[in-house]
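For reference, the chains in residue letters:
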Amino acid sequence: MVDVSLYVTFLAAAFALCVTPGPDMMFVMAMGARGGPATGVWAAVGVALGALVHAGAAMLGLSALFLSLPTLYHILRWAGAACLICLAVKAFRDRPGLGAEGAASAAAPGPGRRRAFWQGTITNLLNPKVILFNVAFLPQFVNPQLGHVVGQFMVLGLTLVLMGLAVDAAIGLSAGRLLALLRRSRRMARGLNVLCGTVFTGLAVRLLAAPG
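Keep in mind the model is a prediction, meaning the values are calculated, not measured. (Residues numbered from 1 in each chain as written. Predicted model: local features only at pLDDT ≥ 70, side-chain atom pairs only at ≥ 80, totals over all residues. Heavy atoms only, no water.)

Details of the packing of aromatic side chains
Here a ring pair, both rings aromatic, is described through the centre-centre distance and the interplanar angle of the planes.
Thought 1: Counting across every chain of the model gives 3 aromatic pairs.
Thought 2: Between the aromatic rings of tyrosine 7 and phenylalanine 10, the centroid separation amounts to 6.1 Å while the plane-to-plane angle is 25°, which identifies the pairing as stacked. Placement of both tyrosine 7 and phenylalanine 10 in helix 1 (residues 4–19) is noted, with a separation of 3 residues, approximately one turn of the helix.
Thought 3: Its relative accessible area of 22% is what places tyrosine 7 among the partly exposed residues.
Thought 4: Looking at phenylalanine 10, the relative accessible area reads 0%, which means it is buried. (Phe/Tyr/Trp six-rings, centres within 6.5 Å; stacked < 30°, edge-to-face > 60°. Helix = DSSP H or I, 4+ residues; strand = E, 2+ residues; numbered from the N terminus. Buried < 20%, exposed > 50% of the residue type's maximum accessible area, 1.4 Å probe, protein only.)

Rendered as structure tokens:
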């Protein structure tokens, strides 16, 4: 169904893209650091679900409609930035407690697993750059002469989603394991929350500042 030589090249390019730090990776890292290893992994799964929806949209040709409506692009960009800013505000407002009760609350702070999953999904879905990326990147590795163009898009899209999930889940898991070390004191906990809030704010600014 796919051109083997093109697919091998695609694997190398996709791996390089997945391990390059970007908004999704930073989001998963921040969520894992705040909520623990499982929360980081669920955030990665949510991001992967959003990426899967984007890949399906590109495969079905909905991306053509997206590109023909510049207003839709700007609406999604602002909505995505607003979502990230809300996450930043929550992180900045988080106040860890002291003593035994505070230590217990710090052991599992931040968003729950379900919330991390849906926030990851929404954050990815509201990033119009992901659709533009699929439109510009995936077609380079499709060979129309082989036929089954939709099937080729499906294979490439699923490969990219699964590879991204593996990388992001590993990042979220590793970041989460640092949680116990970083939250042994109130100062460290507060610093971590400020760092996470700064990351979310930076991602929102980057999304808004991206050229249309």
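Focus on the packing of helix 3 (residues 37–60) against helix 7 (residues 113–125)
Thought 1: It is the contact of helix 3 with helix 7, at a shortest axis distance of 7 Å, that shows an interaxial angle of 35°. Helix 3 and helix 7 meet at a crossing whose hand is right-handed. For the pair helix 3 and helix 7, contact is made by Ala38, Thr39, Trp42, Ala43, Val45, Gly46, Val47, Leu49, Gly50, Ala51, Val53 and His54 and by Arg113, Ala116, Phe117, Gly120, Thr121, Asn124 and Leu125, respectively.
Thought 2: For the contact of helix 3 with helix 7, the per-class residue count stands at 11 nonpolar, 7 polar and 1 charged. (Axes fitted to C-alpha atoms, helices over the stretch in contact; angles between N-to-C directions. Left-handed = near helix turned anticlockwise from the far one by under 90°. Contact = heavy atoms within 4.5 Å. Nonpolar A, V, L, I, M, F, W, Y, C, P; charged D, E, K, R; others polar.)

Observations regarding the nonpolar core
Thought 1: Counting residues in hydrophobic clusters, the biggest one holds 19 residues, and the most contacted among them are Phe27, Val28, Met31, Ala43, Leu84 and Phe200.
Thought 2: Looking at this core, the elements that each hand over two or more residues are helix 2 (23–35), helix 3, helix 5 (70–93) and helix 11 (186–209).
Thought 3: In contact with phenylalanine 200, not counting residues within four places along its chain, are Phe27, Ala30, Met31, Leu84, Leu87 and Ala88.
Thought 4: In terms of nonpolar packing, the next biggest core, distinct from the first, is built from 13 residues, Ala14, Cys18, Met25 and Phe141 among them. (Core = buried A, V, L, I, M, F, W, Y, C linked by side-chain atoms within 4.5 Å.)

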